[in-house]
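Secondary and tertiary structure notes
Now for the letters of each chain:
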Amino acid sequence: MSRVVGSIAPHGGQLVNRVLRGSLREAALERAQAFPNVQLTRMAVSDLEMIAVGVFSPLTGFVTKDEYDSVIDDMRLPNGLPWSIPVTLPVDDHTAAGLKEGQEIALVDGEHLMGIMTIAEKYPADKEREARQVYRTTEEAHPGVARLYRQGNWLLGGEIFMLNGPKDVEFPELRHEPAQTRRMFASRGWRRIVAFQTRNPIHRAHEYIQKTALEIVDGLFLHPLVGETKGDDIPADVRIQSYQAILRDYYPADRVLLGVFPAAMRYAGPREAIFHAIARKNYGCTHFIVGRDHAGVGNYYGTYDAHNIFDEFAPGEIGITPLFFDYTFFCKKCGAVVSAKTCPHSKEDWVYLSGTQVREMLERGEMLPEEFTRPEVSKVLRDGIQARRQTE
Ligand SMILES: [Zn+2]
(Lines give C-alpha, C1' and ligand atoms only; values in the text may rest on other atoms or scores of the structure.)
Protein backbone atom coordinates (compact mmCIF):
# COMPACT_ATOMS: atom_id res chain seq x y z
CA MET A 1 0.00 0.00 0.00
CA SER A 2 1.51 3.33 -1.04
CA ARG A 3 1.77 6.31 1.24
CA VAL A 4 -1.42 8.31 1.22
CA VAL A 5 -1.17 11.94 0.16
CA GLY A 6 -3.44 14.53 1.70
CA SER A 7 -4.06 16.71 4.69
CA ILE A 8 -6.79 14.47 6.14
CA ALA A 9 -6.43 10.75 6.85
CA PRO A 10 -8.85 8.33 5.18
CA HIS A 11 -11.65 6.95 7.37
CA GLY A 12 -10.11 4.28 9.59
CA GLY A 13 -6.58 5.50 8.78
CA GLN A 14 -5.74 3.76 5.50
CA LEU A 15 -6.95 4.18 1.96
CA VAL A 16 -8.22 0.80 0.82
CA ASN A 17 -6.96 -0.49 -2.52
CA ARG A 18 -8.52 -3.74 -3.68
CA VAL A 19 -7.77 -3.34 -7.38
CA LEU A 20 -5.64 -6.18 -8.69
CA ARG A 21 -3.14 -5.30 -11.41
CA GLY A 22 -0.41 -6.98 -13.46
CA SER A 23 0.45 -10.62 -12.79
CA LEU A 24 -1.82 -10.83 -9.73
CA ARG A 25 -4.74 -9.76 -11.90
CA GLU A 26 -3.77 -12.20 -14.67
CA ALA A 27 -3.65 -15.07 -12.19
CA ALA A 28 -7.01 -14.09 -10.69
CA LEU A 29 -8.62 -13.82 -14.14
CA GLU A 30 -7.42 -17.35 -14.84
CA ARG A 31 -8.70 -18.78 -11.57
CA ALA A 32 -12.03 -16.94 -11.81
CA GLN A 33 -12.97 -19.00 -14.87
CA ALA A 34 -13.63 -21.95 -12.58
CA PHE A 35 -15.69 -19.92 -10.05
CA PRO A 36 -19.48 -19.79 -10.11
CA ASN A 37 -20.76 -16.47 -11.45
CA VAL A 38 -22.80 -14.19 -9.23
CA GLN A 39 -24.69 -11.41 -11.00
CA LEU A 40 -24.25 -7.98 -9.44
CA THR A 41 -27.22 -5.64 -9.10
CA ARG A 42 -26.72 -2.17 -10.58
CA MET A 43 -26.03 -0.84 -7.12
CA ALA A 44 -23.55 -3.63 -6.35
CA VAL A 45 -21.65 -2.86 -9.57
CA SER A 46 -21.12 0.65 -8.26
CA ASP A 47 -20.45 -0.48 -4.68
CA LEU A 48 -17.81 -2.99 -5.78
CA GLU A 49 -15.87 -0.23 -7.51
CA MET A 50 -16.31 2.17 -4.58
CA ILE A 51 -14.92 -0.44 -2.19
CA ALA A 52 -12.03 -1.37 -4.50
CA VAL A 53 -10.76 2.17 -5.09
CA GLY A 54 -11.08 3.22 -1.46
CA VAL A 55 -14.13 5.50 -1.55
CA PHE A 56 -15.68 3.26 1.11
CA SER A 57 -12.49 2.88 3.21
CA PRO A 58 -12.16 1.08 5.60
CA LEU A 59 -14.53 -1.47 3.95
CA THR A 60 -12.60 -4.16 2.08
CA GLY A 61 -15.66 -6.08 0.96
CA PHE A 62 -19.41 -6.47 1.25
CA VAL A 63 -20.59 -6.49 4.85
CA THR A 64 -20.82 -9.62 6.96
CA LYS A 65 -23.72 -10.28 9.37
CA ASP A 66 -21.97 -8.64 12.34
CA GLU A 67 -21.23 -5.55 10.31
CA TYR A 68 -24.74 -5.49 8.84
CA ASP A 69 -26.37 -5.60 12.29
CA SER A 70 -23.98 -3.13 13.84
CA VAL A 71 -24.32 -0.59 11.00
CA ILE A 72 -28.11 -0.89 10.91
CA ASP A 73 -28.64 -0.62 14.66
CA ASP A 74 -25.75 1.57 15.87
CA MET A 75 -24.50 3.41 12.76
CA ARG A 76 -21.08 1.96 13.50
CA LEU A 77 -18.86 -0.87 12.32
CA PRO A 78 -18.22 -3.52 15.00
CA ASN A 79 -14.91 -1.76 15.86
CA GLY A 80 -16.84 1.41 16.72
CA LEU A 81 -15.98 3.45 13.64
CA PRO A 82 -18.98 5.46 12.37
CA TRP A 83 -20.62 3.91 9.29
CA SER A 84 -24.23 4.65 8.39
CA ILE A 85 -25.36 2.45 5.48
CA PRO A 86 -24.68 -1.28 5.07
CA VAL A 87 -22.96 -2.00 1.75
CA THR A 88 -24.45 -5.37 0.87
CA LEU A 89 -24.25 -7.96 -1.89
CA PRO A 90 -27.80 -9.29 -2.36
CA VAL A 91 -28.58 -12.52 -4.23
CA ASP A 92 -31.85 -14.33 -4.86
CA ASP A 93 -32.95 -17.58 -3.17
CA HIS A 94 -31.92 -19.76 -6.10
CA THR A 95 -28.40 -18.31 -6.31
CA ALA A 96 -27.98 -18.44 -2.53
CA ALA A 97 -28.99 -22.12 -2.43
CA GLY A 98 -26.12 -23.01 -4.79
CA LEU A 99 -23.44 -21.20 -2.77
CA LYS A 100 -21.69 -21.97 0.48
CA GLU A 101 -19.46 -20.14 2.90
CA GLY A 102 -15.74 -20.37 2.12
CA GLN A 103 -16.42 -20.65 -1.61
CA GLU A 104 -14.80 -18.32 -4.14
CA ILE A 105 -17.11 -16.59 -6.61
CA ALA A 106 -16.80 -14.43 -9.72
CA LEU A 107 -18.70 -11.14 -9.53
CA VAL A 108 -20.16 -10.35 -12.92
CA ASP A 109 -22.29 -7.70 -14.60
CA GLY A 110 -23.92 -9.64 -17.42
CA GLU A 111 -20.98 -11.22 -19.26
CA HIS A 112 -18.52 -8.72 -17.83
CA LEU A 113 -16.27 -10.06 -15.06
CA MET A 114 -15.63 -7.37 -12.46
CA GLY A 115 -14.18 -9.07 -9.44
CA ILE A 116 -13.72 -12.05 -7.17
CA MET A 117 -14.80 -12.67 -3.63
CA THR A 118 -14.46 -15.39 -1.01
CA ILE A 119 -17.81 -15.85 0.70
CA ALA A 120 -17.14 -15.28 4.39
CA GLU A 121 -20.84 -15.41 5.24
CA LYS A 122 -24.19 -16.10 3.64
CA TYR A 123 -27.11 -14.73 5.65
CA PRO A 124 -30.70 -13.64 5.15
CA ALA A 125 -31.38 -9.93 4.71
CA ASP A 126 -33.60 -8.34 7.34
CA LYS A 127 -35.28 -6.01 4.91
CA GLU A 128 -37.94 -4.52 7.11
CA ARG A 129 -35.48 -3.72 9.87
CA GLU A 130 -32.98 -2.32 7.37
CA ALA A 131 -35.72 -0.15 5.86
CA ARG A 132 -36.94 1.13 9.21
CA GLN A 133 -33.46 1.88 10.57
CA VAL A 134 -31.63 3.10 7.48
CA TYR A 135 -34.46 4.74 5.50
CA ARG A 136 -36.64 5.55 8.52
CA THR A 137 -39.68 4.16 6.72
CA THR A 138 -40.96 0.80 5.53
CA GLU A 139 -43.15 2.36 2.81
CA GLU A 140 -42.54 0.99 -0.65
CA ALA A 141 -43.29 4.38 -2.17
CA HIS A 142 -39.79 5.38 -1.00
CA PRO A 143 -37.43 4.62 -3.94
CA GLY A 144 -34.64 3.30 -1.69
CA VAL A 145 -37.01 1.04 0.21
CA ALA A 146 -38.61 -0.13 -3.05
CA ARG A 147 -35.19 -1.15 -4.34
CA LEU A 148 -34.32 -2.87 -1.08
CA TYR A 149 -37.56 -4.90 -1.20
CA ARG A 150 -36.99 -5.82 -4.87
CA GLN A 151 -33.51 -7.19 -4.35
CA GLY A 152 -32.66 -10.78 -3.35
CA ASN A 153 -33.43 -12.12 0.13
CA TRP A 154 -29.89 -13.30 0.85
CA LEU A 155 -26.70 -11.37 1.43
CA LEU A 156 -23.13 -12.48 0.79
CA GLY A 157 -20.41 -10.96 2.95
CA GLY A 158 -16.69 -11.11 2.29
CA GLU A 159 -13.61 -9.34 1.00
CA ILE A 160 -13.44 -8.51 -2.68
CA PHE A 161 -10.86 -7.81 -5.33
CA MET A 162 -11.69 -5.87 -8.48
CA LEU A 163 -10.19 -7.18 -11.72
CA ASN A 164 -12.03 -4.93 -14.17
CA GLY A 165 -13.82 -1.63 -13.65
CA PRO A 166 -17.48 -1.28 -14.64
CA LYS A 167 -18.22 -1.47 -18.35
CA ASP A 168 -19.44 1.57 -20.31
CA VAL A 169 -18.47 4.19 -17.73
CA GLU A 170 -19.77 7.69 -18.24
CA PHE A 171 -17.36 10.66 -18.08
CA PRO A 172 -14.14 8.60 -17.70
CA GLU A 173 -12.11 11.83 -17.74
CA LEU A 174 -13.95 13.06 -14.63
CA ARG A 175 -13.82 9.85 -12.60
CA HIS A 176 -10.94 10.81 -10.32
CA GLU A 177 -10.34 8.14 -7.68
CA PRO A 178 -9.47 9.03 -4.07
CA ALA A 179 -5.74 8.40 -4.55
CA GLN A 180 -5.84 10.76 -7.54
CA THR A 181 -7.88 13.55 -5.95
CA ARG A 182 -5.54 13.52 -2.96
CA ARG A 183 -2.61 14.08 -5.31
CA MET A 184 -4.51 16.71 -7.31
CA PHE A 185 -5.39 18.67 -4.18
CA ALA A 186 -1.79 18.47 -2.93
CA SER A 187 -0.34 19.58 -6.27
CA ARG A 188 -2.64 22.62 -6.26
CA GLY A 189 -1.44 23.46 -2.77
CA TRP A 190 -4.92 23.06 -1.29
CA ARG A 191 -4.91 22.07 2.37
CA ARG A 192 -8.57 22.70 3.09
CA ILE A 193 -11.01 21.39 0.51
CA VAL A 194 -14.79 21.55 0.61
CA ALA A 195 -16.82 18.93 -1.27
CA PHE A 196 -20.22 19.68 -2.73
CA GLN A 197 -22.49 16.74 -3.45
CA THR A 198 -25.36 17.23 -5.84
CA ARG A 199 -27.63 15.49 -8.26
CA ASN A 200 -29.07 18.76 -9.54
CA PRO A 201 -27.87 21.56 -11.82
CA ILE A 202 -26.13 24.48 -10.10
CA HIS A 203 -28.79 27.09 -9.59
CA ARG A 204 -27.97 30.48 -8.06
CA ALA A 205 -28.73 29.13 -4.59
CA HIS A 206 -26.09 26.40 -4.97
CA GLU A 207 -23.55 28.83 -6.35
CA TYR A 208 -24.10 31.01 -3.30
CA ILE A 209 -23.55 28.08 -0.93
CA GLN A 210 -20.44 26.88 -2.76
CA LYS A 211 -18.85 30.31 -2.90
CA THR A 212 -19.70 31.06 0.72
CA ALA A 213 -17.93 27.83 1.70
CA LEU A 214 -15.03 28.58 -0.64
CA GLU A 215 -14.40 31.81 1.29
CA ILE A 216 -13.08 29.78 4.24
CA VAL A 217 -11.19 26.98 2.43
CA ASP A 218 -8.61 26.66 -0.36
CA GLY A 219 -10.54 24.70 -2.97
CA LEU A 220 -13.97 23.45 -3.98
CA PHE A 221 -14.43 19.86 -5.13
CA LEU A 222 -17.63 19.91 -7.14
CA HIS A 223 -18.64 16.28 -6.99
CA PRO A 224 -21.99 15.52 -8.64
CA LEU A 225 -23.41 12.06 -8.29
CA VAL A 226 -23.82 10.31 -11.64
CA GLY A 227 -24.57 6.78 -10.45
CA GLU A 228 -28.02 5.30 -10.60
CA THR A 229 -30.68 7.93 -9.76
CA LYS A 230 -34.44 8.27 -10.08
CA GLY A 231 -35.82 8.54 -13.61
CA ASP A 232 -37.04 12.10 -13.13
CA ASP A 233 -33.68 13.63 -12.16
CA ILE A 234 -32.07 15.79 -14.89
CA PRO A 235 -29.95 13.41 -17.06
CA ALA A 236 -26.31 13.27 -15.96
CA ASP A 237 -24.81 14.29 -19.31
CA VAL A 238 -26.95 17.43 -19.42
CA ARG A 239 -26.01 18.25 -15.84
CA ILE A 240 -22.29 17.82 -16.54
CA GLN A 241 -22.54 20.24 -19.47
CA SER A 242 -24.33 22.72 -17.25
CA TYR A 243 -21.58 22.45 -14.60
CA GLN A 244 -18.91 23.02 -17.22
CA ALA A 245 -20.76 26.11 -18.48
CA ILE A 246 -21.06 27.77 -15.07
CA LEU A 247 -17.54 26.85 -13.96
CA ARG A 248 -16.08 28.34 -17.13
CA ASP A 249 -17.86 31.66 -16.75
CA TYR A 250 -18.28 32.21 -13.01
CA TYR A 251 -15.69 30.29 -10.99
CA PRO A 252 -11.90 30.81 -10.66
CA ALA A 253 -10.34 27.85 -12.50
CA ASP A 254 -7.54 27.40 -9.96
CA ARG A 255 -9.98 27.04 -7.04
CA VAL A 256 -12.35 24.37 -8.37
CA LEU A 257 -12.05 20.73 -9.36
CA LEU A 258 -14.96 18.97 -11.07
CA GLY A 259 -15.19 15.23 -10.62
CA VAL A 260 -18.03 12.75 -10.81
CA PHE A 261 -19.14 10.61 -7.89
CA PRO A 262 -20.06 7.23 -9.39
CA ALA A 263 -22.07 6.06 -6.38
CA ALA A 264 -25.65 4.83 -6.55
CA MET A 265 -28.18 7.16 -4.95
CA ARG A 266 -29.94 5.54 -2.01
CA TYR A 267 -32.24 8.41 -0.98
CA ALA A 268 -31.59 7.53 2.65
CA GLY A 269 -31.58 11.20 3.71
CA PRO A 270 -29.75 11.75 7.03
CA ARG A 271 -27.93 8.41 6.99
CA GLU A 272 -26.77 9.10 3.45
CA ALA A 273 -25.47 12.53 4.46
CA ILE A 274 -23.09 10.78 6.86
CA PHE A 275 -22.24 8.21 4.18
CA HIS A 276 -21.51 10.97 1.63
CA ALA A 277 -19.39 12.90 4.12
CA ILE A 278 -17.22 9.88 4.93
CA ALA A 279 -16.78 9.10 1.22
CA ARG A 280 -15.58 12.68 0.58
CA LYS A 281 -13.15 12.42 3.48
CA ASN A 282 -11.67 9.41 1.70
CA TYR A 283 -11.28 11.56 -1.43
CA GLY A 284 -9.17 13.91 0.72
CA CYS A 285 -11.74 16.62 1.45
CA THR A 286 -11.66 18.34 4.84
CA HIS A 287 -15.10 19.96 4.68
CA PHE A 288 -18.44 18.80 3.37
CA ILE A 289 -21.51 20.87 2.55
CA VAL A 290 -24.73 19.44 3.92
CA GLY A 291 -27.77 21.16 2.53
CA ARG A 292 -31.34 21.13 3.63
CA ASP A 293 -32.91 17.68 3.23
CA HIS A 294 -29.62 16.25 1.92
CA ALA A 295 -30.20 13.01 -0.07
CA GLY A 296 -33.86 13.13 0.88
CA VAL A 297 -36.86 12.27 -1.20
CA GLY A 298 -40.53 13.18 -0.85
CA ASN A 299 -41.48 14.14 2.69
CA TYR A 300 -39.74 11.27 4.44
CA TYR A 301 -37.23 13.37 6.36
CA GLY A 302 -37.44 16.49 8.45
CA THR A 303 -35.82 19.61 7.01
CA TYR A 304 -32.84 19.52 9.35
CA ASP A 305 -32.58 15.77 10.01
CA ALA A 306 -29.50 15.54 7.77
CA HIS A 307 -27.83 18.24 9.92
CA ASN A 308 -28.94 16.90 13.29
CA ILE A 309 -27.67 13.38 12.64
CA PHE A 310 -24.07 14.66 12.83
CA ASP A 311 -24.73 15.48 16.50
CA GLU A 312 -25.12 11.77 17.19
CA PHE A 313 -21.35 11.45 16.87
CA ALA A 314 -18.64 12.94 19.06
CA PRO A 315 -16.69 15.81 17.45
CA GLY A 316 -13.90 14.35 15.35
CA GLU A 317 -15.41 10.89 14.98
CA ILE A 318 -16.54 11.54 11.43
CA GLY A 319 -13.34 13.50 10.79
CA ILE A 320 -14.50 15.66 7.91
CA THR A 321 -16.11 18.94 9.01
CA PRO A 322 -19.74 19.32 7.96
CA LEU A 323 -20.86 22.79 6.85
CA PHE A 324 -24.60 23.14 7.31
CA PHE A 325 -26.58 25.36 4.99
CA ASP A 326 -30.18 26.40 5.20
CA TYR A 327 -32.72 26.88 2.46
CA THR A 328 -31.25 29.48 0.05
CA PHE A 329 -32.97 31.56 -2.65
CA PHE A 330 -32.98 34.93 -4.38
CA CYS A 331 -34.91 37.57 -2.41
CA LYS A 332 -36.23 40.49 -4.42
CA LYS A 333 -36.21 42.82 -1.40
CA CYS A 334 -32.66 41.87 -0.38
CA GLY A 335 -31.63 41.96 -4.06
CA ALA A 336 -29.36 38.97 -3.45
CA VAL A 337 -29.24 35.27 -2.82
CA VAL A 338 -29.89 34.79 0.87
CA SER A 339 -31.09 32.08 3.20
CA ALA A 340 -33.97 31.56 5.59
CA LYS A 341 -31.35 32.33 8.23
CA THR A 342 -30.31 35.72 6.81
CA CYS A 343 -33.41 37.20 5.13
CA PRO A 344 -36.19 38.81 7.17
CA HIS A 345 -38.68 38.96 4.28
CA SER A 346 -41.48 36.63 3.33
CA LYS A 347 -42.13 34.00 0.71
CA GLU A 348 -43.75 36.45 -1.72
CA ASP A 349 -40.37 38.14 -2.16
CA TRP A 350 -38.49 34.91 -2.82
CA VAL A 351 -37.80 33.42 -6.24
CA TYR A 352 -37.97 29.70 -5.77
CA LEU A 353 -38.89 26.82 -8.09
CA SER A 354 -39.26 23.18 -7.13
CA GLY A 355 -37.40 20.48 -9.05
CA THR A 356 -40.66 19.53 -10.72
CA GLN A 357 -41.37 23.14 -11.77
CA VAL A 358 -37.84 23.42 -13.21
CA ARG A 359 -38.26 20.23 -15.15
CA GLU A 360 -41.65 21.31 -16.52
CA MET A 361 -40.40 24.72 -17.66
CA LEU A 362 -37.41 23.16 -19.43
CA GLU A 363 -39.63 20.59 -21.09
CA ARG A 364 -41.83 23.40 -22.40
CA GLY A 365 -38.67 24.97 -23.85
CA GLU A 366 -38.69 27.91 -21.45
CA MET A 367 -35.68 29.60 -19.86
CA LEU A 368 -35.65 29.66 -16.05
CA PRO A 369 -35.88 33.06 -14.27
CA GLU A 370 -32.47 34.76 -14.15
CA GLU A 371 -32.68 35.23 -10.40
CA PHE A 372 -33.05 31.47 -10.09
CA THR A 373 -30.54 30.16 -12.63
CA ARG A 374 -27.86 31.86 -14.72
CA PRO A 375 -28.90 32.06 -18.40
CA GLU A 376 -25.79 30.09 -19.49
CA VAL A 377 -27.01 27.19 -17.33
CA SER A 378 -30.67 27.56 -18.30
CA LYS A 379 -29.76 27.36 -21.95
CA VAL A 380 -27.70 24.17 -21.58
CA LEU A 381 -30.49 22.54 -19.56
CA ARG A 382 -33.28 23.65 -21.90
CA ASP A 383 -31.43 22.53 -25.04
CA GLY A 384 -30.34 19.26 -23.43
CA ILE A 385 -33.86 18.38 -22.26
CA GLN A 386 -35.34 19.35 -25.62
CA ALA A 387 -32.80 17.20 -27.52
CA ARG A 388 -33.56 14.31 -25.16
CA ARG A 389 -37.29 14.61 -25.78
CA GLN A 390 -36.81 14.47 -29.54
CA THR A 391 -34.89 11.20 -29.35
CA GLU A 392 -37.37 9.53 -26.97
ZN1 LIG B 1 -34.92 39.33 1.84
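This report concerns the structure included in the present document. Along every chain, residues carry numbers that run from 1 in the direction the sequence is written. In keeping with the model being predicted, local features are shown solely for residues with a pLDDT of at least 70 and side-chain atom pairs are shown and tallied solely at 80 or more, while totals for entire chains, interfaces and linings include all residues. Note: side-chain values were computed over all heavy atoms of the structure, leaving out hydrogens and water.

1. Brief notes about the coordination of the zinc ion
Protein coordination of the zinc ion is provided by Cys 331 (SG), Cys 334 (SG), Cys 343 (SG) and His 345 (ND1), with donor distances spanning 2.1 to 2.3 Å. Around the zinc ion sit 4 donor atoms; with metal-centred angles ranging over 101 to 118 degrees, the donor geometry is tetrahedral. Any nitrogen, oxygen or sulfur atom within 2.8 Å of a metal ion counts as a donor, with the limit raised to 3.2 Å for Na, K and Ca, and since water is left out, coordination shells can look unfinished. Going along the chain, you hit the donors of the zinc ion in the pattern C-x2-C-x8-C-x1-H. Working definition: with a 1.4 Å probe on protein chains only, accessible area under 20% of the residue-type maximum means buried, over 50% means exposed, and in between means partly exposed. Residue class for Cys 334 comes out partly exposed when judged on its relative accessible area of 33%. Metal sites are grouped by the angles between bound donors: all angles between 85 and 135 degrees with four donors is tetrahedral, opposite donors over 155 degrees apart with the others between 65 and 115 is square planar for four donors and octahedral for six, and any other pattern is irregular.

2. Observations regarding the sheet that holds strand 15 (residues 350-351)
For two strands to be treated as a pair, DSSP must find at least two bridges joining them. The helix and strand labels rest on DSSP assignments: H or I over at least four residues marks a helix, E over at least two residues marks a strand, and numbering proceeds from the N terminus. Within the open sheet, the 3 strands sit side by side as 14-13-15. Their pairing is antiparallel. Each of the sheet's edge strands pairs with one partner strand only, and the pair in question is strand 14 (336-339) and strand 15. Residues count as neighbours in contact if any of their non-hydrogen atoms are within 4.5 Å of one another. Comment: axis = line fitted to C-alpha atoms, over the contacting stretch for helices; angle = value between 0 and 180 degrees taken between N-to-C directions. Sitting on the sheet, helix 8 (residues 204-214) touches strand 13 (328-331) and strand 14, and the angle it makes with strand 13 is about 115 degrees.

3. Regarding the layout of surface pockets
When its volume is computed, the largest pocket comes out at roughly 1,400 Å³. Using only the protein atoms, space was sampled on a 1 Å grid; points where a 1.4 Å probe fits but cannot get out form cavities, open sets with protein on both sides within 12 Å along at least five of seven lines form pockets, and lining residues are those with an atom within 4 Å of a point. Lining the largest pocket we find 46 residues, and of these Asn 200, His 206, Arg 292, Tyr 352 and Gly 355 sit closest to its centre. For the lining of the largest pocket, the elements supplying multiple residues, two or more each, are strand 8 (193-198), helix 8, strand 11 (287-290), strand 13 and helix 12 (355-363). Classifying every residue of the lining of the largest pocket gives 21 nonpolar, 15 polar and 10 charged. Grid points are joined across faces, edges and corners, and a volume is the space filled by probe spheres set on the points. Think of it as three bins: nonpolar holds Ala, Val, Leu, Ile, Met, Phe, Trp, Tyr, Cys and Pro, charged holds Asp, Glu, Lys and Arg, and polar takes everything else, Gly as well.

4. Thoughts on the pattern of salt bridges
Salt bridge criterion: a side-chain nitrogen from Lys or Arg within 4 Å of a carboxyl oxygen from Asp or Glu. Tallied over the entire structure, the rule returns 21 salt bridges. Among the salt bridges present, the one from Glu 207 reaches Lys 211, with a minimum N-O distance of 2.9 Å. In this pair, Glu 207 and Lys 211 are both assigned in helix 8, 4 residues apart and thus about one turn of the helix distant. Using a relative accessible area of 26% as the deciding quantity, one classes Lys 211 as partly exposed.

5. Observations regarding the pairing of strand 11
On a regular strand, one side chain projects to one face of the sheet and the next to the other, so that they alternate. On strand 11, burial covers both faces: His 287 and Ile 289 on one face and Phe 288 and Val 290 on the other are all buried. Examined bridge by bridge, strand 8 and strand 11 share 2 bridges and lie parallel to one another. Each bridged residue has a counterpart across the sheet, and for Val 194 the counterpart in strand 11 is His 287. Relative to strand 12 (residues 321-324), strand 11 runs parallel, the two sharing 4 bridges. Along strand 12, the bridge assignment pairs His 287 with Thr 321.

6. Quick look at the packing of helix 3 (residues 65-74) against helix 5 (residues 127-135)
Running from N to C, helix 3 and helix 5 point in directions that differ by 40 degrees, and their axes come no closer than 8 Å. Considering their axes alone, helix 3 and helix 5 lie oblique with respect to each other. In this structure, helix 3 contributes Tyr 68, Asp 69, Ile 72 and Asp 73 to the contact, and helix 5 contributes Lys 127, Arg 129, Glu 130, Gln 133 and Val 134. Here the residues of the contact of helix 3 with helix 5 are counted per class, giving 3 nonpolar, 1 polar and 5 charged. Here the word oblique covers every angle except those under 35 degrees (roughly parallel), over 145 (roughly antiparallel) and from 65 to 115 (roughly perpendicular).

7. A short note on the packing of aromatic side chains
Pairs were defined over the aromatic rings of Phe, Tyr and Trp, the Trp ring being its six-membered one, requiring ring centres within 6.5 Å. Orientation was assigned from the angle between planes: stacked under 30 degrees, edge-to-face over 60, tilted for the rest. The full count for this structure, using the stated rule, is 14 aromatic pairs. Taken together, the ring pairs in this structure connect Phe 185, Trp 190, Phe 221, Phe 261 and Tyr 283 into an aromatic cluster. Distance and angle both matter: a charge sits over a ring if NZ of Lys or CZ of Arg is within 6 Å of the ring centre and within 35 degrees of the ring normal. A cation sits over an aromatic face here: Lys 122 above Trp 154, 5.8 Å from the ring centre. Lying across the ring of Tyr 327, Arg 292 places its NZ or CZ 4.5 Å from the centre.

8. As for the sheet that holds strand 12
Each strand in a sheet pairs with another by means of backbone hydrogen bonds, the pair being arranged parallel or else antiparallel. With parallel pairing, the 5 strands of this open sheet are ordered in space as 10-9-8-11-12. On the outer flanks of this sheet lie strand 10 (256-258) and strand 12, each paired with one strand and no other. Strand-to-strand twist of the sheet, defined as the mean angle between neighbouring strand axes without regard to direction, takes the value 25 degrees. Packing of helix 7 (residues 178-187) onto the sheet brings it into contact with strand 8, strand 9 (219-224) and strand 10, and relative to strand 10 it is tilted by some 160 degrees. On the sheet, helix 10 (residues 270-282) packs against strand 8, strand 9 and strand 11 and is oriented at approximately 155 degrees with respect to strand 11.

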